Amino acid sequence: MAGEPAGAATGAPSASTAGGAPAVPGGEPPGTALPGPRFAAPAPGDREWAEVLALIAGAREIDLVCHVCPDGDALGSALAAGLALRSLGHRVRVSFGDDPQVVPASLAFLPGQELLVPVAEVPDRPELVLTFDVAAESRLGLLREKALAARALVVVDHHASNTGFGTHPLVDPAAPATAVLVDELLRRLGVPLDQSIAACLYTGVATDTGSFKYRATTAATHEFAARLLATGIRQDLISRTLWDTSSFGYLKVLSAALARAELDRTAVGGLGLVWTWVPYADLAAHGVTVEEIEGLIDVVRRTAEAEVALVLKQDPDGALRGSSRAKGAVDVAAACAALGGGGHVYAAGFTSALGVQETLDRFRRALRPSA
Ligand code: MN
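Nothing here was measured: the structure is a model prediction, and the numbers come from that model.

## Topic: the pairing of strand β2 (residues 91–96)
The two faces of a sheet get side chains in turn, since along a regular strand they alternate between them.
And step 1. Most of β2 is tucked away: five of the six residues are buried.
And step 2. Pairing of strand β1 (residues 61–66) with β2 involves six bridges; the strand directions are parallel. Paired with Val65 across the strands is Ser95, a residue of β2.
And step 3. Between the parallel elements β1 and β2, the chain passes through helix α2 (residues 72–87) in a crossover that is right-handed.

Structure representation (structure tokens):
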């Protein structure tokens, strides 16, 4: 689930992203320190929200866009907002900039998908676009030009790495999920939570907090979850679908990857590196997609003897997508940047055209203890 942060201008990945890493969303705490510029503006206040409410009230059509290779927070937030705005009588479309658009199997249960339209059905110059969980223009993918051509572009996001694009940023890096900001939007719109909206928002907040485990999870996060559960949604079924369901082929790929894992206790001055890789042939042999193995890094990073974990996943063309994690003593975003990627201090990724050994060597050489 988690992913590396929708990183910087680099093609830094998000676990679900083509760039390689997961959209951190899926995962990692966006509130953690990031390398490079951080979103500096204060959290949106009454004035910022009021301006957006006025834009929505005056719009005949509203396009809602989440980031490419959407994770639970991105798609859940966009669909929840879509359902809410539709209930108010607005004509709404939900889209994301991939072609073809693939909704991950684990998110196929999300309500509101009848609102989804392909990129081609989004107008060239939309009246009003709201983006969800999009930290940078690059994460709009094929919808980048259209979104930037909108008369107003509202950016609802929680990434500390948000670049500040759009005409009306509603960015709060303290929020554990974009879904929390959508809840605020709904409250201000006067739309009550129903089970469909709650299922979407629960998926968003549960995904981005790693099942309420990450540091950004607060008492308010649990109070939000309690309001969502009070609608009667089956959080047990949602959780099983999100995290505890995979194909048998995945188990086979996982077991091969774990058998291939190596521990280098001497890396980074003795802090340790654990790593493995997945050849494309393994995926092909078992009918497993690269998206399905995003969670592999979460197994590998359990290793107590290693500060840093790295998983290399091979694409059909031989390119390697790297996903890395650290526990606080090493900045993996910096190491990934050395390979042309980026992300968060604790979660970052890259794409490499080099071979496995050369990629590993470069990554290891770029590792440094945090300042
Ligand atoms: Mn998110």
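Let's pick the thread back up.
## Side note on the coordination of the manganese ion
Between any two of four tetrahedral donors, the ideal angle at the metal is 109.5 degrees; between two of six octahedral donors, it is 90 or 180 degrees.
And step 1. With distances of 2.1 to 2.3 Å, the protein atoms coordinating the manganese ion are Asp73 (OD), Asp133 (OD), His158 (NE2) and Asp208 (OD).
And step 2. Spacing between the donor residues of the manganese ion along their common chain follows D-x59-D-x24-H-x49-D. Note that Asp73 is positioned in helix α2 and Asp208 in helix α5 (residues 195–208), a separation of 135 residues in sequence. Like Asp208, Asp73 is buried.

## Quick word on the side chain of Asp71
And step 1. Relative to the helices and strands, Asp71 is located in the loop between β1 and α2.
And step 2. Within the buried core, Asp71 has no salt-bridge partner, and the shortest N-O distance to an opposite charge, that of Arg139, equals 5.8 Å.
And step 3. A distance of 3.2 Å separates a polar side-chain atom of Asp71 from the backbone nitrogen of Asp73.

## A look at α5
And step 1. Under the 1.5 Å per step criterion, the end-to-end length of α5 is 20 Å for 14 residues, consistent within 8% with the ideal 20 Å.
And step 2. With respect to burial, α5 is a largely interior element, 12 of its 14 residues being buried.
And step 3. In this structure, the buried side of α5 is in contact with α2, α4 (178–189), α6 (219–229) and α7 (235–243).
And step 4. N-capping of α5 is provided by Asp194, with a side-chain oxygen placed 3.1 Å from the backbone N of Ser196.
And step 5. One or two steps after α5, the chain reaches Gly210, where phi turns positive at roughly 60 degrees.

## Examining the nonpolar core
And step 1. Counting residues in hydrophobic clusters, the biggest one holds 54 residues, and the most contacted among them are Ile56, Ile62, Leu130 and Leu201.
And step 2. Setting aside anything within four residues of it in sequence, one finds Leu130 in contact with Ile56, Ile62, Asp63, Leu64, Val65, Val154 and Leu185.
And step 3. Listed in part, the 22 residues of the second largest apolar core include Ala335, Phe350, Phe363 and Ala366.

## What to know about the packing of aromatic side chains
And step 1. One pass over the full model with this rule turns up two aromatic pairs.
And step 2. Measuring from centroid to centroid gives 5.9 Å for Tyr202 and Phe212, while their planes differ by 50 degrees, and the two rings are tilted. Of this pair, Tyr202 sits in helix α5 while Phe212 sits in the loop between α5 and α6, and the two are 10 residues apart along the sequence. Each member of the pair, Tyr202 as well as Phe212, carries the same accessibility label: buried.
And step 3. Their ring planes at 35 degrees and their centres at 6.1 Å tell us that Phe350 and Phe363 sit as a pair that is tilted. Of this pair, Phe350 sits in strand β11 (residues 347–352) while Phe363 sits in helix α13 (residues 356–366), and the two are 13 residues apart along the sequence.
And step 4. Over the ring of Trp277 we find Arg260; its NZ or CZ atom is 5.8 Å from the centre of that ring.

## Section: the pairing of strand β4 (residues 152–157)
And step 1. When you tally the buried positions in β4, you get six out of six residues, the bulk of the element.
And step 2. Of the two faces of β4, both are covered, the one formed by Ala152, Val154 and Val156 as well as the one formed by Leu153, Val155 and Asp157.
And step 3. Where strand β3 (residues 128–132) meets β4, five bridges bridge the pair, whose relative direction is parallel. Bridge pairing in β4 links Leu130 to Val154.
And step 4. Pairing geometry for β4 and strand β5 (residues 168–171), over four bridges, is parallel. When the sheet's bridge partners are listed, Val155 is paired in β5 with Pro169.

Parameters at a glance
- Residues numbered from 1 in each chain as written.
- Predicted model: local features only at pLDDT ≥ 70, side-chain atom pairs only at ≥ 80, totals over all residues.
- Heavy atoms only, no water.
- Buried < 20%, exposed > 50% of the residue type's maximum accessible area, 1.4 Å probe, protein only.
- Helix = DSSP H or I, 4+ residues; strand = E, 2+ residues; numbered from the N terminus.
- Pairing = 2+ DSSP bridges.
- Right-handed = clockwise from strand over helix to strand, strands pointing away.
- Donors = N, O, S within 2.8 Å, 3.2 Å for Na, K, Ca; no water.
- Lys, Arg positive; Asp, Glu negative; His and termini not counted.
- Salt bridge = Lys/Arg side-chain N within 4 Å of Asp/Glu carboxyl O.
- Polar contact = N/O pair within 3.5 Å; in protein donor to acceptor, adjacent residues only side chain to side chain.
- Expected span 1.5 Å × (residues − 1).
- Contact = heavy atoms within 4.5 Å.
- Core = buried A, V, L, I, M, F, W, Y, C linked by side-chain atoms within 4.5 Å.
- Phe/Tyr/Trp six-rings, centres within 6.5 Å; stacked < 30°, edge-to-face > 60°.
- Lys NZ or Arg CZ within 6 Å of the ring centre and 35° of its normal.

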